[in-house]
Amino acid sequence: MLDQLSSAERASAEDVPQAESLLDFGEREQKISEIIAGILEDEEAAFQPIATLYQDFQVRCRISKLAGGAPDLQTFREKLSVARAGVEKGEMDDGAWAQAELIASELPEDMRGVYLLLAKAAIAKAPCPGNIEIATAYGTRSPGRARWLLSHMEERGFLVCATDLRGNRIVTLTDLGWQTAPGDEAAA
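Bear in mind the structure is a predicted one, so any value in this text is a computation, not a measurement.

Parameters at a glance
- Residues numbered from 1 in each chain as written.
- Predicted model: local features only at pLDDT ≥ 70, side-chain atom pairs only at ≥ 80, totals over all residues.
- Heavy atoms only, no water.
- Pairing = 2+ DSSP bridges.
- Helix = DSSP H or I, 4+ residues; strand = E, 2+ residues; numbered from the N terminus.
- Contact = heavy atoms within 4.5 Å.
- Axes fitted to C-alpha atoms, helices over the stretch in contact; angles between N-to-C directions.
- Phe/Tyr/Trp six-rings, centres within 6.5 Å; stacked < 30°, edge-to-face > 60°.
- Buried < 20%, exposed > 50% of the residue type's maximum accessible area, 1.4 Å probe, protein only.
- Lys NZ or Arg CZ within 6 Å of the ring centre and 35° of its normal.
- Salt bridge = Lys/Arg side-chain N within 4 Å of Asp/Glu carboxyl O.
- Parallel < 35°, antiparallel > 145°, perpendicular 65-115°, else oblique.
- Left-handed = near helix turned anticlockwise from the far one by under 90°.
- Nonpolar A, V, L, I, M, F, W, Y, C, P; charged D, E, K, R; others polar.

Chemist: Sorry, what's going on with the sheet that holds strand 3 (residues 178-179) here?
Modeler: What links the strands of a sheet is backbone hydrogen bonding, and the strands pair in either a parallel or an antiparallel sense. Overall, antiparallel pairing links the 3 strands, which are arranged 1-2-3 in an open sheet. Looking along the sheet, the strands with just one partner apiece sit at the ends: strand 1 (159-163) and strand 3. Sheet topology places strand 1 next to strand 2 (residues 169-173); 5 bridges connect them, and they run antiparallel. Paired with Ala162 across the bridge in strand 2 is Ile170. Across the face of the sheet, helix 6 (residues 109-123) comes into contact with strand 1, strand 2 and strand 3 while running at roughly 100° to strand 2.

Chemist: Whenever I open this one, the packing of aromatic side chains confuses me. Can you help?
Modeler: Two descriptors summarise a pair of aromatic rings, namely the distance from one centre to the other and the angle between the planes of the rings. Tallied over the full model, the rule gives 4 aromatic pairs. Here the aromatic rings of Tyr115 and Phe158 are separated by 6.2 Å at their centres, their planes lie at 75°, and the arrangement is edge-to-face. Pair noted here: Tyr115 is in helix 6 and Phe158 is in the loop between helix 8 (143-155) and strand 1, with a separation of 43 residues, a long-range link. Residues Tyr115 and Phe158 agree in their burial class; the two are buried. Of the aromatic side chains, those joined through ring pairs into one cluster are Tyr54, Phe57 and Phe76. Between the NZ or CZ atom of Arg141 and the centre of the ring of Phe47, over which it lies, the distance is 3.9 Å. Across the ring face of Trp148, the terminal group of Arg145 is positioned such that the distance to the ring centre comes to 4.4 Å.

Chemist: Could you clarify how one ought to interpret the pattern of salt bridges in this entry?
Modeler: A side chain of one charge can pair with a side chain of the opposite charge when the charged atoms of the two come close. This structure, assessed with the given rule, holds 6 salt bridges. We note a salt bridge from Glu29 to Lys79, for which the minimum N-O separation is 2.5 Å. Within this pair, whereas Glu29 is found in helix 2 (residues 22-40), its partner Lys79 is found in helix 4 (residues 73-84), the two being separated by 50 residues in sequence. Here Glu109 makes a salt bridge to Arg77, at a shortest N to O gap of 2.8 Å.

Chemist: Any chance you could explain the packing of helix 5 (residues 94-104) against helix 6 here in plain terms?
Modeler: Between two packed helices, both the angle of their axes relative to each other and the distance between the axes serve to describe the pair. The N-to-C vectors of helix 5 and helix 6 enclose an angle of 150°; their axes lie 9 Å apart at closest approach. Judged by the angle between their axes, helix 5 and helix 6 are roughly antiparallel. For helix 5 against helix 6, the interelement crossing comes out right-handed. Contact residues: helix 5 offers Trp97, Ala100, Glu101, Ile103 and Ala104, while helix 6 offers Arg112, Tyr115, Leu116, Ala119, Lys120 and Ile123.

Chemist: Please explain the packing of helix 6 against helix 7 (residues 131-138) as it appears in this structure.
Modeler: Running from N to C, helix 6 and helix 7 point in directions that differ by 140°, and their axes come no closer than 8 Å. When the axis of helix 6 is compared with that of helix 7, the two are oblique. Read as a crossing pair, helix 6 and helix 7 show a hand that is right-handed. Within the contact between the two elements, helix 6 uses Asp110, Met111, Val114, Leu117 and Leu118 and helix 7 uses Glu133, Ile134, Ala137 and Tyr138. Broken down by class, the residue content of the contact of helix 6 with helix 7 amounts to 7 nonpolar, no polar and 2 charged.

So, in structure tokens, the structure goes:
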């Protein structure tokens, strides 16, 4: 086909990069996840502004020679939310998790990680995360801010908080019908 094109058309056709294979895409996504996990290994990363984390991410992508360069800021924010929720690929049913991510996408970016953290606990039938864990996923150290966040999400209809007879918090994700096991909100 190239021999039927003019020399100018042939040069431009040869300059067009070929699409990445699915294997390359999978390796790229794995590398991005590893870079974000590396950033979050620093305990202070949970409390840094997104701009600072993204700048660090871009540098790490260049250092690792990530094919195609660093993803844009929006993609980074989405992947960071999932990473902050502590979700490992293959750990969840893909269909159920995709549904949780879809609902989380309706929330402001800074709240998505908290919703996904709660979804992870509900899928696993694990205890509801404590205020400190929720606050960290939100990017703050304030347990009061975590309580505010849950009540704000409850007011918007994303979840319902209840307590059992022992005073442990149970969160039900209304759109999914999933519920966490009772958990101590003061747990570290």
